[in-house]
Amino acid sequence: MPQVKLISPITRQEIRKVRVAAYCRVSSNSADQQNSYTNQIRVYTSLIQRKKEWELVEIFADEGLSGMNAQNRTEFQRMIKMCEQHQIDLIVTKSVSRFARNAKESLEYVRKLKLLGVGVQFEKEGIYTLALGDEMLLNTFSAIAQEESKAISQNQRLSIMKRMQAGEYVDSNAPYGFRLVDKALVVYEPEAAIVRMMFENYLSGQSTSEIARNLNSRGIKTKTGKSTWRSTKVAYILGNERYCGDCKYQKTYRDTTVPFKQFRNRGQEDMFYASMTHAPLIDRDTFDKVQLLLKKRQDVFGKSTTQNIYPLTSRIQCSVCGSYFRRRQVSGTVKWGCSRHIQDRTQCSSNYYSEERIYDAFVAMVNKLRFSEYDILGQTLLRLESAELKRKQKNTAAREISRSIADLNAKLVMVEQLHAKGYLKDEVHKAQVQEINDQLRRLKRERQCEFSSGITQMIEELTRLKKLLEELEEPLDRFDEKLFTEIVQAISISRRDEMTVTLIGGLRFTEML
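Just so it is clear, the model here is predicted, and its values are computed rather than measured.

Here R315 shows up in the loop between α9 (284-301) and β12 (316-318). Comment: no salt bridge for buried R315; closest opposite-charge side chain is E481, at 8.6 Å.

Set out below in structure tokens:
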């Protein structure tokens, strides 16, 4: 009989654990939702730690944010970035509606993660996206979550509309000079004095630009704490009916399809005007006089002359004097020349260039980038991504912040457990939770600053540029205005007839004219 002898390896290969991240989201900042958010963190920390084959990477959590638009969820986007960098193998989340309420976005991100080899496990629905056939289920549940969100939104709209018709609706955003107290607009005197001064100065003959300059020179802050006032902001305040105690409802409206984009109401929806809904800040006589003056000045100064805008308008800069090029008809040919040279040839020595030559140079540059045997953009992206990965790997500050965030999340879970068992009084529990949440928000902002860099933005813009160029199946044979406006940021022309084009992402390429 053959004899078999076991030869044991000197070192056994360690089985790599599945790197797991959890994603939590609550759509408001209310106390109940905060408890739900804390509970989600506690549950997923415990779940991942119980499984020996799993390794906890991080718990990502967006607080007080709607699931309709993934771009607004910073933690969600950071999680996707880490998946793209192959730092996560599996995402665990409570339900499809927690992941996203927009069916289209939900499927897009799941498919993107699937291509990266990253699975998403939805606990409530029992769906694992890497399993065959689960995409159909996901599609169904995503659509249900979206319809639920639409139904909730529709009910809220009907409720708001009834309050508007009754003149009882109060916007949660109080204008400058007011504060919202017990769901009512109350005059806030420190800012109200500034508003009254605006109305008085406008009636005395000052323009909105002069009023804005005066506010800036005095160092007066805007409602959001900014130090710069603009004439448009002043004009908006002067024309806002809420300062005389009235309210015009539904100046803007949202469409009924996901993701509920907001538009200015130009007659598409009903408006409601309610009088004397709150205490006025400006007397009605002063307010009416200002409205008449605003209309009079608009009639006089608001008439604009028609100006032709071309693809090259405000795009070409003279490398000699820095002025922009203007379009001219010279001997029946369309040419572009430096505006200073056009006014006085002695002021600038640059030349005229035919529009056709400029367009041809752009076409030649695009074809080189798209169809050259050297993948210029691809090689550039690889080098940038490598540099960014090295930067993040060496970013010890960001790693320390992540550890601090994990420690605070663990502390938050412990505080909740002590409170649930009755070891912490309500006021002590509330104070500690508030303090921990404040620290978490501060650390997340710091981490975001550590992770964000010019390289990251450049990679995103160059990726977009590459995708736009890859849509070209054949070399360009004529100027493409749409592509030009999408990818060109600036153009500079030198006296040596060299046209330097700056594309999105900051890349510069030079073509001879």
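Let us keep going from here.
Moving on, we get to the confidence of the model for the protein. Across the protein, the average pLDDT comes to 78, with 77% of residues at 70 or higher. Averaged over each element, pLDDT in the protein is lowest for helix α5 (residues 134-165) (58) and highest for strand β17 (residues 498-503) (91). Contacts from residues 29-33, a stretch scored under 50 in pLDDT, to residues over four places away or in other chains number six contacts.

Taken in spatial order, the three strands make up an open sheet running β13-β14-β15, and their pairing is antiparallel. Among the strands making up the open sheet, the edge pair consists of β13 (325-330) and β15 (353-354). The sheet contact formed by strand β14 (residues 333-338) and β15 spans two bridges and is antiparallel. By the bridge assignment for β15, W336 is matched with Y353.

Our focus in this paragraph is the packing of helix α6 (residues 189-203) against helix α8 (residues 231-238). Two elements in contact, α6 and α8, have axes whose closest approach is 10 Å; the angle formed by their N-to-C orientations is 95°. Considering the angle they form, α6 stands roughly perpendicular to α8. Contacts between α6 and α8 involve V195, M198, F199 and Y202 from the first element and V234, I237 and L238 from the second.

Another point: unusual backbone geometry. The phi angle at M276 is positive, at roughly 55°, despite the residue not being glycine. Positive phi, normally seen in glycine, also occurs at S314, with a value near 60°. Inspection of the secondary structure assignment puts S314 in the loop between α9 and β12. Taking the relative accessible area as the measure of exposure, S314 reaches 53% and is therefore exposed.

Our next topic: the packing of aromatic side chains. What describes a pair of aromatic rings is the distance from one ring centre to the other and the angle between the planes of the rings. Inspection of the entire model under this criterion finds 11 aromatic pairs. Here the aromatic cluster, defined as three or more aromatic residues joined through ring pairs, consists of F178, F199, Y243 and F287. Positioned above the aromatic ring of Y188 is the side chain of R179, whose terminal nitrogen or guanidinium carbon lies 4.1 Å from the ring centre. Between the NZ or CZ atom of R327 and the centre of the ring of Y310, over which it lies, the distance is 4.0 Å.

Looking now at helix α7 (residues 208-217). Since one α-helical turn is 3.6 residues long, residues separated by three or four positions face the same way. Turning to α7, its buried residues number three or more, namely T208, I211, A212 and L215. Projected down its long axis, α7 shows its buried positions confined to an angular sector of 100°, all on one face. In α7, the exposed residues that point more than 90 degrees away from the buried face are R213 and S217. Turning to α7, the residues buried within the fold contact α6 and α8. Positive phi shows up at G219, right after α7, with a value of about 70°.

Moving on to the nonpolar core. As a rule of thumb, soluble globular proteins bury nonpolar side chains together. Judged by nonpolar contacts, the single largest core of 40 residues is most densely connected at I358, V366, L469, I487, I491, I493 and L503. Those elements that place two or more of their residues in this core are β12, β14, α11 (355-371), α12 (376-393), α15 (454-470), α16 (481-487), β16 (488-493) and β17. Top element by residues in this core is α11. It accounts for eight residues. Discounting chain neighbours no more than four positions away, the residues touching L469 are V366, L369, R370, L377, L483 and I487. The next biggest cluster of nonpolar side chains, apart from the first, holds 26 residues, and it includes A212, L215, V234 and V290.

What follows concerns the pattern of salt bridges. Applying the stated rule across the entire model yields 16 salt bridges. With a shortest N-O distance of 2.6 Å, K466 and E470 are connected by a salt bridge. On the criterion of helical spacing, the pair formed by K466 and E470 is a turn pair, its members being four residues apart in helix α15. D477 is the partner of R478 in a salt bridge, and the nearest nitrogen-oxygen pair spans 3.6 Å. Here R478 matches D477 in class, with each residue exposed. In this structure, a network of salt bridges that share partners links the residues E58, E75 and R78.

Moving on, we come to the side chain of E416. Position of E416 among the secondary structure elements: in helix α13 (residues 396-420). A polar contact is formed between the side chain of E416 and the side chain of H429, at a distance of 3.2 Å.

All right, on to the packing of α6 against α7 then. Where α6 meets α7, the axes come as close as 10 Å, and the angle between the chain directions of the two elements is 140°. By the angle between their directions, the pair α6 and α7 is classed as oblique. For the pair α6 and α7, the crossing hand works out as right-handed. Facing I194, M197, M198, N201 and Y202 of α6, the residues of α7 in contact are T208, I211, N214 and L215. When the residues that make up the contact of α6 with α7 are grouped by side-chain class, the tally is six nonpolar, three polar and no charged.

Rules of the game
Residues numbered from 1 in each chain as written. Predicted model: local features only at pLDDT ≥ 70, side-chain atom pairs only at ≥ 80, totals over all residues. Heavy atoms only, no water. Helix = DSSP H or I, 4+ residues; strand = E, 2+ residues; numbered from the N terminus. Buried < 20%, exposed > 50% of the residue type's maximum accessible area, 1.4 Å probe, protein only. Lys, Arg positive; Asp, Glu negative; His and termini not counted. Salt bridge = Lys/Arg side-chain N within 4 Å of Asp/Glu carboxyl O. pLDDT = per-residue confidence, 0-100. Contact = heavy atoms within 4.5 Å. Pairing = 2+ DSSP bridges. Axes fitted to C-alpha atoms, helices over the stretch in contact; angles between N-to-C directions. Parallel < 35°, antiparallel > 145°, perpendicular 65-115°, else oblique. Phe/Tyr/Trp six-rings, centres within 6.5 Å; stacked < 30°, edge-to-face > 60°. Lys NZ or Arg CZ within 6 Å of the ring centre and 35° of its normal. Arc of directions from axis to C-beta. Core = buried A, V, L, I, M, F, W, Y, C linked by side-chain atoms within 4.5 Å. Polar contact = N/O pair within 3.5 Å; in protein donor to acceptor, adjacent residues only side chain to side chain. Left-handed = near helix turned anticlockwise from the far one by under 90°. Nonpolar A, V, L, I, M, F, W, Y, C, P; charged D, E, K, R; others polar.

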